[in-house]
Amino acid sequence: TGAIITVCEGDDIGLTSTFTINGSSTSVAIWSWAGPNGFTSTVQNPPVFASTTAAAGTYTLTITDNNGCTASAGTMVVVNPTPTVTLDDPNDRCLDDPVDFTFTGSPVPNTVTGDMGTFTSITGLTDNSNGTATLSVATAGVGMHTVTYTYKDDKGCMATAASTVEIFTNPS
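Draft legend 1. Quick look at the overall build of the protein chain. On a plain count of helices and strands, the protein chain comes out with one helix and 15 strands. Expected size for 172 residues packed as a compact globule is a radius of gyration near 16 Å; at 25 Å, the protein chain overshoots this value by more than 25%. Dimensions of the protein chain, computed from C-alpha atoms along their principal axes, come out at roughly 90 × 35 × 25 Å. Taking all 172 residues of the protein chain together, 35% fall into the buried category. Relative to all contacts within the protein chain whose residues are 6 or more apart in sequence, the contacts with residues 24 or more apart total 58%. When the accessible surface of the protein chain is summed, it comes to about 9400 Å², and 51% of that surface belongs to carbon and sulfur atoms.

Draft legend 2. Structural view of unusual backbone geometry. Of note, the bond from Ser106 into Pro107 is cis; its omega dihedral lies within 30 degrees of zero at 0°. Mapping Pro107 onto the fold places it in the loop between β10 (101-106) and β11 (116-119). Positive phi values are uncommon outside glycine, yet Asn37 reaches one of about 60°. Tracing the chain through its elements places Asn37 in the loop between β3 (28-34) and β4 (40-41). Asn37 sits in the exposed class, given a relative accessible area of 65%. Even without being a glycine, Ser129 presents a positive backbone phi close to 60°.

Draft legend 3. Here's a closer look at the nonpolar core. Membership of the largest hydrophobic core comes to 17 residues, with the highest contact counts inside it found for Leu87, Phe101, Phe103, Phe119, Leu125 and Leu135. At the level of elements, β10, β13 (132-135), α1 (137-140), β14 (143-152) and β15 (158-168) are the ones that each hand at least two residues to this core. In terms of residues, this core owes the most to one element, β15, which gives four residues. Here Phe103 is in contact with Leu87, Asp88, Pro90, Phe119, Leu125, Gly131, Thr132, Ala133, Leu135, Val147, Ser163 and Val165, once residues within four sequence places are set aside. Within the second largest apolar cluster, 14 residues are counted, among which are Leu15, Val28, Trp33 and Val77.

Draft legend 4. View of the sheet that holds β15. With respect to topology, four strands assemble into an open sheet ordered β9-β15-β14-β11, the strand pairing being mixed. On the outer flanks of this sheet lie β9 (93-94) and β11, each paired with one strand and no other. Here β14 runs beside β15; their pairing, made up of ten bridges, is antiparallel. The residue bridging Thr146 from the neighbouring strand is Thr164, located in β15.

Analysis parameters
- Residues numbered from 1 in each chain as written.
- Predicted model: local features only at pLDDT ≥ 70, side-chain atom pairs only at ≥ 80, totals over all residues.
- Heavy atoms only, no water.
- Helix = DSSP H or I, 4+ residues; strand = E, 2+ residues; numbered from the N terminus.
- Rg over C-alpha atoms; globule rule 2.2 N^0.38 Å.
- Buried < 20%, exposed > 50% of the residue type's maximum accessible area, 1.4 Å probe, protein only.
- Contact = heavy atoms within 4.5 Å.
- Areas by Shrake-Rupley, 256 points an atom, 1.4 Å probe, with all protein chains shown as cover.
- Core = buried A, V, L, I, M, F, W, Y, C linked by side-chain atoms within 4.5 Å.
- Pairing = 2+ DSSP bridges.

Given below as structure tokens:
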């Protein structure tokens, strides 16, 4: 196994070959890739494809030159899973409600491991930097308000969750 490619689930995987025979790739007669999940290809640089966890493993390229001689090399592909992200969905409120909305996202960010969690910036929303945010009923005002929580894990893989709440006009 030679190179290691590390991606997040859903990212593109691009396999490329730099094999040459006597300094030229034109003397290669056959390119033969084989990999996990039944992957095969007969081109030097197979088309890019979206990763899944089933795509993780070793991709082996065997080349055969015009004289029938062969050489092989492998590339290890590591596919890190997309984090599972949730955001609670608080009950709607009236404009005169003295209780602001509190949103809790999960997983909670961890600065020690490098995980990050952030909330969208909308009027009246305060990101508390600990996986929670507060939406001020009075500042946000009447209407529908969508809050999005984005989480990025220590491997750089990211996912989002959203919650929509409504603030109603007070009865008159």
